[in-house]
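# Results of the structural survey
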Amino acid sequence: MRRMKLTSPGVRAALGWAVAVVLILAWQLAAVTGESLFFPPPTEILAAGYQLWFSAGLENGVLTDAFHVDVVPSLERLVIGVLIAVAVGVSLGVLLGRVRVVAQFVEPLLHFMRALPGPVLLPMALVLLGTGNEMRIALITFGAIWPVLFNTYSAVRQVPESYLDTATVSRRTSASTLFRVILPSASAGIFAGIRTATGLGIILLVASELVASSDGIGFGLMQSQRSFQFLEMWAFIVALSILGYITTLLLSALERLFLRWHHLYKAVVA
Amino acid sequence: MTEALLVVDGLRHVYQTEEGEHVVLDGLSLTVNRGEFVSIVGPSGCGKTTLLRALSGLLKPTSGTVSLAGEAINGVPKGLAMVFQDYRGSLFPWRKVGANVEFPLLGRVGAEERRNRVRESLEAVGLENFAGRYPWQLSGGMQQRVAIARAIAMRPQLMLMDEPFASVDAQTRSDLEDLVLRVRELYDMTILFVTHDVDESVYLSDRVLSLSKSPTVLTADTAVPLPVPRDQIRSRENPVFVSTRSEIAQLIRRAKPAGLYGPGEAIPTTSNFAVPVLR
Ligand SMILES: Nc1ncnc2c1ncn2[C@@H]1O[C@H](COP(=O)(O)OP(=O)(O)OP(=O)(O)O)[C@@H](O)[C@H]1O
Ligand SMILES: [Mg+2]
């Protein structure tokens, strides 16, 4: 019989899930025996979440009105905020990476701005942009843009000169060189930036919804905590972690789609 | 009938370095006729790559003119293809072999014609079954064949090759040499070929140009009156091959900055002196 290797991906995934299940069971057990008001058992949290968001019935499309108030606005903010961050970050990163003069002038300023933690800007954003969606999206974008920008910048600078020479002797236009050579060559670095950006985006999403808001996961979290609805509060926390997990899965799927060559290539070249 | 395809006149290039100006090419003039196979040999660091980069428009020379088919060129001319020494760096790892060959044709040639040319070019280098692989899944020699196929697909009037076989083993190298000769027949190409290897230059060429050390000038223009088609065994045994080879090897050994040591002059053996490669 062949021995199973701990390093094989299937076995590792199975082990990961097993650990998660054991921990949740332990939590369940502790919560049921402890009977603390603040730490309800996972089964009750899930039931509360289901009741809150998915109990509209099949004929009404499963999702409740509360889902549209609690979750949908957050998803919109996150997606729009991160997409803008990616678009602007990649564009600026390419500009900086390709035009040395611009980089020389702007780089110190960018490092200074990057050092600002996003939530610090919340009070200023409130004053400048008000309490609407724009303010929250702007905050998410501001926090998420840096990893995209700097990763793109450094990946673009690392595009081998020989690739650019090949493009030049093939008489490519600059647009064609950008889309067919520079961006593909830098894609792995850019993608790493997008991953980090999405994580930051979720943090800023919640932070922005904790103040002066009327909907979203952050608002719901705050609201349920203030009204001592601890079951609901936990349901919001779980919803956030599931949101984080789904975005990770989504990004991995995208990466498998666009960067398949890169994984294979790294395995061969390294 | 000989018709000049590439005319280089008074080409001079000076690199600006921290230690000051470094004159690499010091007034190089040469002509390559249509259909000719011309090799350039010269000591390491004399500026062969610099010369090809200037001819292909990758580098703007300090002074001098280059014209292709009668037209003065500025930037990358039409009808020119280049095969780089470093095939790994010149093939895109995210494009499959077929897509790499197709790359220079994108946006210039219709889809149907592109497919045909890719297939034909890959057939010419014997890689028709590898279009769907990634280049890094192939051996070094096969990768260099992909680079050659990409150059052929452009249907160039002039193909520049910069030490294309320097990093493959000897057997692969002979195979690739014959492949280039075959492809040249097939597509009626003019080839300007840079190499370190004196044997290779004689085996492949109609003419061999030798260079001095930098500041670099042309030291000789040697015709190779070796019958065609060339054959790896018979051509190399031919007395003409042997004598031409030693003539060129002498030229490289006698190379000094901006010229040649005289026949009776003592040649210094120290410093970074290039030893000609003989097989
Ligand atoms: N970008 C550059 N800046 C300054 N000096 C350079 C640059 N590129 C090349 N040189 C110098 O110019 C000289 C000629 O370089 P080049 O690469 O053209 O030589 P080569 O004949 O191709 O050498 P090899 O046979 O080793 O490939 C060398 O001394 C090199 O150090
Ligand atoms: Mg060179």
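Above this text you will find the structure in question.
First, a word on what this report is: a plain description of the structure on this page. Note that the structure is a prediction, hence the values are computed from the model and not measured.

With that settled, the discussion passes to the pattern of salt bridges. Applying the stated criterion to the full structure yields 20 salt bridges over all chains. For A:Asp165, the salt bridge goes to B:Arg53, with nearest N and O atoms at 2.9 Å. With A:Asp165 in helix 8 (residues 161-169) and B:Arg53 in helix 1 (residues 48-55), the pair connects residues from two separate chains. Its relative accessible area of 11% is what places A:Asp165 among the buried residues. Of the charged contacts, one joins B:Arg236 and B:Glu177 as a salt bridge, the two residues approaching to 3.1 Å between their closest N and O atoms. Of this pair, B:Arg236 sits in helix 8 (residues 234-237) while B:Glu177 is found in helix 6 (residues 170-187), placing the two residues 59 residues apart along the sequence. The two residues B:Arg236 and B:Glu177 agree in class, both being buried.

A word on the sheet that holds strand 9 (residues 207-211) of chain B. Residues and elements named next belong to chain B. As summarised here, the arrangement of the six strands in space is 6-7-8-3-9-10, forming an open sheet in which the pairing is mixed. Of all strands in the sheet, those with a lone pairing partner are strand 6 (80-83) and strand 10 (218-223), marking the two edges. On average, each strand axis in the sheet is inclined to that of its neighbour by 15°, with strand direction left out of account. Two strands pair when backbone bridges link them, and strand 6 and strand 7 (residues 158-162) are joined in this way by four bridges, in the parallel orientation. Bridging from a neighbouring strand, leucine 80 pairs with leucine 158 of strand 7. On top of the sheet, helix 5 (residues 140-153) reaches strand 6 and strand 7; it is set at about 175° to strand 6, its chief contact.

All names here are of chain A. Remark: helix 6 (residues 122-129) packs on helix 7 (residues 133-157), axes separated minimally by 9 Å, with the N-to-C direction vectors making an angle of 140°. The orientation of helix 6 with respect to helix 7, classified from their angle, is oblique. Between helix 6 and helix 7 lies a crossing whose hand is right-handed. Across the interface between the two elements, Leu122, Ala125, Leu126 and Leu129 of helix 6 pack against Met135, Ala138 and Leu139 of helix 7. Taken together, the residues that form the contact of helix 6 with helix 7 break down as seven nonpolar, no polar and no charged.

Size of an interface: often given as the accessible area lost when the parts come together. Listed per partner, the contact involves 18 residues of chain A and 26 residues of chain B. Both sides together, the interface formed by chain A and chain B hides about 2100 Å², and carbon and sulfur atoms give 68% of it. Counting the surface chain A buries against chain B, the share from its top three residues, A:Val169, A:Arg171 and A:Trp261, is 32%. Counting across the chain A and chain B interface gives one salt bridge. For the interface between chain A and chain B, the tally reads eight residue pairs in polar contact (both at pLDDT 80 or more). Those elements that place two or more of their residues in the side of chain A that touches chain B are helix 8, helix 9 (174-210) and helix 12 (260-269) of chain A. Looking at which element gives the most residues to the side of chain A that touches chain B, the answer is helix 8 of chain A, with seven residues. When grouped by side-chain class, the residues that make up the side of chain A that touches chain B number nine nonpolar, five polar and four charged.

A word on the packing of aromatic side chains. Within this structure, the stated rule accounts for 19 aromatic pairs over all chains. On the basis of an interplanar angle of 20° and a centroid distance of 5.1 Å, the ring pair of B:Phe92 and B:Trp94 is categorised as stacked. Grouping residues by exposure puts B:Phe92 and B:Trp94 together as buried. Taken together, the aromatic side chains of A:Tyr163, A:Trp261, A:Tyr265, B:Phe92, B:Trp94, B:Phe103, B:Tyr134 and B:Trp136 make up a single cluster linked through ring pairs. When the ring centre of A:Phe150 is taken as reference, the NZ or CZ atom of A:Arg114 above it lies at 4.1 Å. A cation sits over an aromatic face here: A:Arg172 above B:Phe103, 5.2 Å from the ring centre.

Calculation rules
Residues numbered from 1 in each chain as written. Chains lettered and ligands numbered in written order. Predicted model: local features only at pLDDT ≥ 70, side-chain atom pairs only at ≥ 80, totals over all residues. Heavy atoms only, no water. Salt bridge = Lys/Arg side-chain N within 4 Å of Asp/Glu carboxyl O. Helix = DSSP H or I, 4+ residues; strand = E, 2+ residues; numbered from the N terminus. Buried < 20%, exposed > 50% of the residue type's maximum accessible area, 1.4 Å probe, protein only. Pairing = 2+ DSSP bridges. Axes fitted to C-alpha atoms, helices over the stretch in contact; angles between N-to-C directions. Contact = heavy atoms within 4.5 Å. Parallel < 35°, antiparallel > 145°, perpendicular 65-115°, else oblique. Left-handed = near helix turned anticlockwise from the far one by under 90°. Nonpolar A, V, L, I, M, F, W, Y, C, P; charged D, E, K, R; others polar. Buried area = accessible area lost by both parts, 1.4 Å probe. Polar contact = N/O pair within 3.5 Å; in protein donor to acceptor, adjacent residues only side chain to side chain. Phe/Tyr/Trp six-rings, centres within 6.5 Å; stacked < 30°, edge-to-face > 60°. Lys NZ or Arg CZ within 6 Å of the ring centre and 35° of its normal.

It is worth stressing that arrangement in space is one thing and function is another; only the former is reported here.
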